[in-house]
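One letter stands for each residue in the lines below.
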Amino acid sequence: MWDLNRLLAWSGERLVIRPEIGFYQGMIRGIVSTKTYGVIALTDRRLVFRKPIGRDIDIPLSQIAEISENEWFAGNYRGGREYLILKLADGSEKAFQVKNHAGWMRELGSRLAAA
């Protein structure tokens, strides 16, 4: 999927959740910065989101301050599907929609609790 498997294999990181198609929405200082589809994966060190155009999103797990979930994010509702919302150490928020929402919440929650 857009060479994300190869990139992660070369990095030496352990893949926790395999790459899948996802949706991203970011917000900085209360303003939606971008919305796009792409490929998302979770390793033992970071969350990676590869966009079709523009810079990839690479979030080290150490930068995630908290996680939450909601059907709404920044005034947007997408057919009742839950957003996986990450609040980062710098105060910004990133929201993702993934196929296995419960699995992502469980994996990220356990990693944050262990940190």
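The structure we're discussing is the one just above.
Figured I'd write up the structure that's included with this text. (Residues numbered from 1 in each chain as written. Predicted model: local features only at pLDDT ≥ 70, side-chain atom pairs only at ≥ 80, totals over all residues. Heavy atoms only, no water.)

## Notes on the packing of aromatic side chains
Spelled out, the test is: Any two rings among Phe, Tyr and Trp, with Trp reduced to its six-membered ring, count as a pair given centres within 6.5 Å; such a pair is stacked if its planes are under 30 degrees apart, edge-to-face if over 60, and tilted if neither. Secondary structure elements are defined from DSSP: runs of H or I of at least 4 residues count as helices, runs of E of at least 2 residues count as strands, and each element is numbered from the N terminus. Type-normalised accessible area, obtained with a 1.4 Å probe on protein chains alone, sets the label of each residue: buried when under 20%, exposed when over 50%, and partly exposed for intermediate values. Definition used: whenever NZ (Lys) or CZ (Arg) falls within 6 Å of the ring centre and also within 35 degrees of the ring normal, the charge is taken to sit over that ring.
Scanning all chains against the criterion turns up six aromatic pairs. When the centroid spacing of 5.6 Å and the interplanar angle of 40° are considered together, the rings of Tyr24 and Phe49 count as tilted. Remark: Phe49 occurs in strand β3 (residues 46–50) and Tyr24 occurs in strand β1 (residues 15–28); sequence separation between them is 25 residues. The exposure class of Phe49 is buried, given its relative accessible area of 0%. Linked through ring pairs, Tyr24, Phe49 and Phe96 together constitute an aromatic cluster. Of note, Arg78 hangs over the ring of Phe23, and the distance from its end group to the ring centre comes to 3.7 Å.

## Thoughts on the side chain of Glu13
The following threshold applies: Definition of a polar contact: a pair of N or O atoms within 3.5 Å, with one able to donate and the other able to accept a hydrogen when the atoms are protein atoms, and with sequence-neighbouring residues admitted only if both atoms are side-chain atoms. Two residues form a contact once any of their heavy atoms are found within 4.5 Å.
Tracing the backbone through its elements, the reader meets Glu13 in the loop between α1 (4–11) and β1. Among the polar contacts made by the side chain of Glu13, one reaches the side chain of Thr43 at a distance of 2.6 Å. Of the polar contacts made by the side chain of Glu13, one reaches the side chain of Arg46; its length is 2.8 Å. Once residues lying within four places of it in the same chain are set aside, the contact partners of Glu13 are Leu8, Thr43, Asp44, Arg45 and Arg46.

## A closer look at the pairing of strand β9 (residues 93–97)
In plain terms, the rule: At least two bridges found by DSSP between two strands is the condition for calling them paired.
With four of five residues buried, β9 is to be regarded as a mostly interior element. The turn linking strand β8 (residues 83–88) back onto β9 is made up of four residues, and Gly91 within it adopts a positive phi angle of 95°.

## Description of the pattern of salt bridges
Applied cut-off: The term salt bridge refers to a pairing of a side-chain nitrogen on Lys or Arg with a carboxyl oxygen on Asp or Glu at a separation within 4 Å.
Applying the stated criterion to the full structure yields four salt bridges. Taking the shortest distance from any N to any O, the salt bridge between Glu13 and Arg46 comes out at 2.8 Å. Of this pair, Glu13 sits in the loop between α1 and β1 while Arg46 sits in strand β3, placing them 33 residues apart in sequence. A salt bridge links Asp58 to Arg46; the nearest nitrogen and oxygen atoms lie 2.5 Å apart. With Asp58 in strand β4 (residues 57–60) and Arg46 in strand β3, the pair connects residues that are 12 residues apart, well separated along the chain. Counted as one network, the salt bridges with shared partners bring together Glu13, Arg46 and Asp58.

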